[in-house]
Amino acid sequence: QGQLVESGGGLVQPGGSLSVSCAASGFTFSSYDMSWYRQAPGKERELVAQITRTGSTTNYADSVKGRFTISRDNAKNTVYLQMNSLKAEDTAVYYCKAYRTLTHRTYWGQGTQVTVSS
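In short, a report on the structure. These numbers come from a predicted model, not from an experiment.

## Considerations on the overall build of the protein
Argument step 1. Looking only at helices and strands, the protein features 0 helices and 11 strands.
Argument step 2. For the protein, the N- to C-terminal ordering of α and β elements is β-β-β-β-β-β-β-β-β-β-β.
Argument step 3. The C-alpha atoms of the protein give a radius of gyration of 14 Å, which matches the 13 Å a tight globule of 118 residues would have.
Argument step 4. Out of the 118 residues belonging to the protein, those deemed buried represent 40%.
Argument step 5. Taking the intrachain contacts of the protein between residues at least 6 apart in sequence as the baseline, contacts between residues at least 24 apart amount to 53%.
Argument step 6. With 12 positive and 8 negative side-chain charges, the protein shows a separation of 5 Å between the mean positions of the two kinds.

As structure tokens, this is what we get:
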């Protein structure tokens, strides 16, 4: 059974940087597109960034474009989200998602809390 485990969340001051990771196991990581979502208290879960299987294409929400970078290492079965110039409104639980277009199989991680506050 596939599993995703996020790590690296925490408390950071406005303007600071943080990197979160998502380690995959139990499925063929390189066959899956990967995404990061986030959900703030009282809000809907929203797509933050996505990356294709090979890493050749990435897309970002307008709210994070130019500040966040998604990347992946298929040899390590891990996807990363580098977050720079963090703002209070980036505070949320960050989730990673794996999706295989061919089968529509989806896996979600349990989430990691990112808090931006002084």
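## Some remarks on the pairing of strand 9 (residues 92-100)
Argument step 1. When strand 4 (residues 33-39) meets strand 9, the two strands line up antiparallel, connected through 7 bridges. The residue of strand 9 that forms the bridge with Ser35 is Lys97.
Argument step 2. Strand direction decides the pairing type here: strand 9 and strand 11 (residues 112-116), joined by 3 bridges, are antiparallel. Looking across to strand 11, one finds that Val93 is bridged to Gln113.
Argument step 3. Summarising the sheet, strand 9 and strand 10 (residues 105-108) pair through 4 bridges and their orientation is antiparallel. Looking across to strand 10, one finds that Tyr99 is bridged to Thr106.
Argument step 4. Taking the residues between adjacent antiparallel strands as the criterion, strand 9 and strand 10 are bridged by 4 residues, where His104 takes a positive phi near 65°.

## A short note on the environment of Arg67
Argument step 1. Its place among the elements puts Arg67 in the loop between strand 6 (58-60) and strand 7 (68-73).
Argument step 2. A residue is classified by how much of its surface remains accessible, and Arg67, at 11% relative accessible area, is buried.
Argument step 3. Leave out the neighbours within four places in its chain, and Arg67 touches Gln82, Met83, Asn84, Ser85, Leu86, Lys87 and Asp90.
Argument step 4. In terms of polar contacts, Arg67 uses its side chain to reach the backbone carbonyl oxygen of Ser85, at 2.9 Å.

Conventions adopted
Residues numbered from 1 in each chain as written. Predicted model: local features only at pLDDT ≥ 70, side-chain atom pairs only at ≥ 80, totals over all residues. Heavy atoms only, no water. Helix = DSSP H or I, 4+ residues; strand = E, 2+ residues; numbered from the N terminus. Rg over C-alpha atoms; globule rule 2.2 N^0.38 Å. Buried < 20%, exposed > 50% of the residue type's maximum accessible area, 1.4 Å probe, protein only. Contact = heavy atoms within 4.5 Å. Lys, Arg positive; Asp, Glu negative; His and termini not counted. Charge placed at Lys NZ, Arg CZ, Asp CG, Glu CD. Pairing = 2+ DSSP bridges. Polar contact = N/O pair within 3.5 Å; in protein donor to acceptor, adjacent residues only side chain to side chain.

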